[in-house]
Every structure is written in structure tokens, then in C-alpha cells.
Amino acid sequence: MTPDELAHVRQRLEDFAAEVFAPLARSDQRAKGETYLRGLLLDGRRKSMQPMAERLGVDHQGLQQFVTTSTWDTDAVRARLARTAVEAIGPVAWAVDDSGFPKDGTNSPGVARQYSGTLGKVANCQIGVSVHAVTDTASCPLHWRLFLPESWDTAKAGPAAIKAANATRRRTLKNGPRATAAAGGPTGAEVEVDVRAVTEAARTRRDRSGIPEDEGHRPKWILVVEMLDKLAGHGLRPPVLVADAGYGDNSRFRAALDNRDIAYSVQLQGEALAHAGEAVPAAQDWPGTGRCGRPPADTPVYPDEPVSLARHVAAAGREAALTLTWREGSKGALSSQFVFLRVRPAGHRVPRDGEDGVLPERWLIAQWPDGEPEPVTYWLSSLPAGTGAVDLVRYAKIRWRIEHDYRELKTGLGLDHFEGRSWQGWHRHVTLVTAAHLFLTLLRGDPKAAAPA
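Residues numbered from 1 in each chain as written. Predicted model: local features only at pLDDT ≥ 70, side-chain atom pairs only at ≥ 80, totals over all residues. Heavy atoms only, no water.

(A) Examining the packing of helix α2 (residues 10–20) against helix α6 (residues 74–89) more closely. Where α2 contacts α6, the axes come no closer than 9 Å and their chain directions differ by 120°. In terms of their interaxial angle, α2 and α6 are classed as oblique. Where α2 abuts α6, its residues F16, E19 and V20 lie against V77, R80 and L81. Looking at the contact of α2 with α6 residue by residue, the class counts come to four nonpolar, no polar and two charged. (Axes fitted to C-alpha atoms, helices over the stretch in contact; angles between N-to-C directions. Helix = DSSP H or I, 4+ residues; strand = E, 2+ residues; numbered from the N terminus. Parallel < 35°, antiparallel > 145°, perpendicular 65-115°, else oblique. Contact = heavy atoms within 4.5 Å. Nonpolar A, V, L, I, M, F, W, Y, C, P; charged D, E, K, R; others polar.)

Shown next, in the form of C-alpha cells:
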């Protein structure tokens, strides 16, 4: 926003900030919160504290103290933001994803050389995991967590360093065994790693960043489940959860959603295995002989081996595809061809129903555009069997809104501009950026407000 645009909505912003920061005990904290929001909303290339303070004409140390060391309840503010967002936009789904925050140094909490889908490569970065409420026309983050790599976990840093060192050794031997031997480098022996030094370095970084003792390395999908449980504690549940293949391919993640009665529509790879929807398990025959002379387990099994989702769709053939339009895009109606099948996802980590060994039945949705030799995208959905084809595609495709969120959060509101090195500071910054984003979303939803595009 320009200074004039911000002045035009200043009273609305103050009212919004008063509501959002009501849990803060002190008036000076509430005032600092509103000031920080103004700094995020004002035009400017950098939304780190010093440039914002200069544009606002305030002391940047006051903003820094508010974000990094002041005592205020971030969770209470997040709960208010999440309730307001859900009530305001009426989401048709929640979307989960993660995003990379490039960093130059090694001291920001969670920073490491790791793969970022946002960057499309392995880079020195932090990874933030988020849950968003989405519709076709609006969206807003509901919760954030910072992913901690194994190198930031004192219990896992040593083993991770050994694994990384041995992987480097194997690559070196594969790519240049003669050069390595000539240089006196590692040959077939395991690389020695000073586990104690690695562990102590991790502990030092954690202490410097103020990472709580109970925060360690956990897979991103577990962070999502923890956020869903946290939001459920505030009385908020997703109507449907959508996610990309980074989450959808994980059967334990899907099982966690099933255990919480959360319907989902998640992308996954075509190599995932499944039985046909009509397949049924049968009791195993036991001829009385075999290993240890014991009969097989009582649980019935499926007589045929599962096949890939790609093979299920190929067997159905292109003639099974329907042409569907799911929404209006900026350049007109969005249409494509889709195949819909009922399947039973397989795998030793897929929970079965009761003692009869039945695998849960799910929708398989495959986008197979005209002119393509095979499907380009696959989704698995736990929506009811009677769900219409257009609705199935709409839910599968609605995750596009989260990419819109990330663009605005980063380019417009400085989501990845935080330069602090504290765990608490990062989570507070992304919470305040979420508040600024929600304020803009509310303005856009009000026809009487002159909100920026």
C-alpha cells in the first residue's frame, strides 16, 4: 500500500488490530502489533525490521523487542486470526504445503542445505510448513510451523552426519575412484565422524536460537497433523484437506487424516499401488505344511497383487475420460479430461477395516488431457462415493490458491524477509504477516473498501 492508501484504511486497520491483539496483556504490546502491521502493509522492497522502522519513523529496536523478546501469547493471536479467516471466507477446503526461505548464513533456526520445492533445488534455506483456508476466490494461512532438519536435533544430528558423510564417500568413489585413491581419500571404509562435536554444535545452535527442548526433527507431514490438532482444539476443522504429492504419497499421513475423520483429496504419483474397487479379500488356504509348520495369519488377504494407479487408468482407457470444466481462470474456463475410478490403496502401512482385512475404498482421479499419451496428474480422494465428478475435480484442483498466497505473502508482505535468528521471532513474524494478509483479504471482500489489488 502507498501511504495514502494506508491512511484511507487506517481506522479499519486499528479496529482490526485491536481485535487481533486483544489477548496481549499490555497496551504497548498492542500498539507495537498495530505498528508492525502498518510496516508490513506499506510499500517497500524489504520488510525486515530496520527498513520498516525507517519508513514508519519509529525506533526499530522497539519492533525487534516486540517480535523477539517481549512476552506475548502467539498462539492466542493465531487462534483469533484462524477463527476470523474461517468465518470471513467460508473455505471449501484447507490446503497444506511448505515453502523455502533462502538464507546466506548458518545461524537462523532450521537453516540447512535441503531441498525446497519453491526454489526447485537443494539450497541453504529454512522450510516453513503451513495450513491455509481456501476458496476459488480467497484464501488465508491458518497456522505455521518451522521444519527442523536432523542437523538441528541433538538426538539425530550425529547419525545424520554419519549418513551424509558416507553418502558423500559413495558418490566420490562412484564418480572418481582412481582420483580418490590417488589423493589418499576414503576407499571402502566408513567415514569417521566426531559425533560428540556434531551433537554439541547442534545444541549450541539450538540454545542460541532459543529452540524449545520439546522441538526436534519431525517429518513435515507430522507437523501438519500437529497443526490440524491444534486448530481442532480451537473448534476448527477442515471441510476437505488438499495437498500435493509430497504429502499425499505418504500412507501414514492419509491414515492420520482417516483417524481424525478428515476427508481429503491429495495428489500422488502414478506408481502408488492399489487394488480395484471391487476386489475383496479371501481367507488364506493352508495345506498344513510350510515354514515352522504354522498356519498363516487369520486376516484374509487379497488374492491378486496390487498394481500401480497408472495401470488402473491405462486399463480403463482414454475412452473412460470425461471432459470437465471446474472454474473460470483469468483467460477463460479451465477444462480438461479426467478418468474416475474406485480403488483400494494398498501397502503394509495402509490400515485395514476390522478383522475382515478390507482395504478402504477411495476415488482415483487422473487428469489425462487430449494429446497426452498418459495421465499427467493423479489424485486420491476419500470423499463419499456419491460425490459428483465436477466436485471431485474442483477439490483436487483448488490447491492452486496456496501458490497465490505464497506469492503475495513473500513479494508483498515480506514473509521471507525476517532477519532474526530466534525460533520465537520467526513464528511471531509469520503470524504478523498472516495478520496483514488477512486484513487485505477482508478489505477485498468488502465492496465498500478501497483495497489494493
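Having put the structure on the table, let's press on.
(B) Here's a closer look at the pairing of strand β10 (residues 332–345). Pairing geometry for strand β7 (residues 273–276) and β10, over three bridges, is antiparallel. What sits directly across from H275, in β10, is R344. One ladder, built from seven bridges, connects strand β9 (residues 322–329) with β10; its direction is antiparallel. By the bridge assignment for β10, L324 is matched with S336. In this antiparallel pair of consecutive strands, β9 and β10, the connection spans two residues. (Pairing = 2+ DSSP bridges.)

(C) Structural detail: the side chain of S99. Among the secondary structure elements, S99 is positioned in strand β1 (residues 93–102). A relative accessible area of 1% means that S99 is categorised as buried. (Buried < 20%, exposed > 50% of the residue type's maximum accessible area, 1.4 Å probe, protein only.)

(D) A look at helix α10 (residues 220–233). Over its 14 residues, α10 runs 20 Å from end to end, which matches the ideal 20 Å to within 8%, given 1.5 Å per residue. Residues of α10 that are buried: W221, L223, V224, V225, M227, L228 and L231. Immediately downstream of α10, the backbone of G235 shows phi near 80°, a positive value. (Expected span 1.5 Å × (residues − 1).)

(E) Representation of the packing of aromatic side chains in the model. Considering all chains together, one arrives at seven aromatic pairs under this definition. Here the aromatic rings of F16 and F439 are separated by 5.4 Å at their centres, their planes lie at 50°, and the arrangement is tilted. Taken as a pair, F16 in helix α2 and F439 in helix α16 (residues 423–444) lie far apart in primary sequence, 423 residues in all. Pairing F338 with F340 gives two aromatic rings, centres 6.4 Å apart and planes at 35°, and the pair type is tilted. For the pair formed by F338 and F340, the shared burial category is buried. By way of ring pairs, the aromatic residues W326, F338 and F340 are connected into one cluster. The aromatic ring of W400 is capped on one face by R327, whose charged end is 3.9 Å from the ring centroid. (Phe/Tyr/Trp six-rings, centres within 6.5 Å; stacked < 30°, edge-to-face > 60°. Lys NZ or Arg CZ within 6 Å of the ring centre and 35° of its normal.)

(F) Main features of the pairing of strand β2 (residues 112–116). Burial along β2 is one-sided: the residues A112, Q114 and S116 are buried and none of R113 and Y115 is. Looking at chain direction, β2 and strand β3 (residues 121–134) are connected through five bridges and run antiparallel. Bridge pairing in β3 places S116 opposite K121. Taken together, β2 and the strand that follows it, β3, pair antiparallel across an intervening segment of four residues, in which G120 is found at a positive phi of about 75°.

(G) Highlighting the packing of helix α15 (residues 400–412) against α16. At their nearest, the axes of α15 and α16 sit 10 Å apart, and the two run at 115° to each other. By the angle class used here, α15 and α16 are roughly perpendicular. Of the two elements, α15 crosses α16, and the hand of that crossing is right-handed. Along the contact surface, α15 presents D405, E408 and L409, while α16 presents V433, H437, L440 and R444. Partitioned by chemical class, the residues of the contact of α15 with α16 number three nonpolar, one polar and three charged. (Left-handed = near helix turned anticlockwise from the far one by under 90°.)

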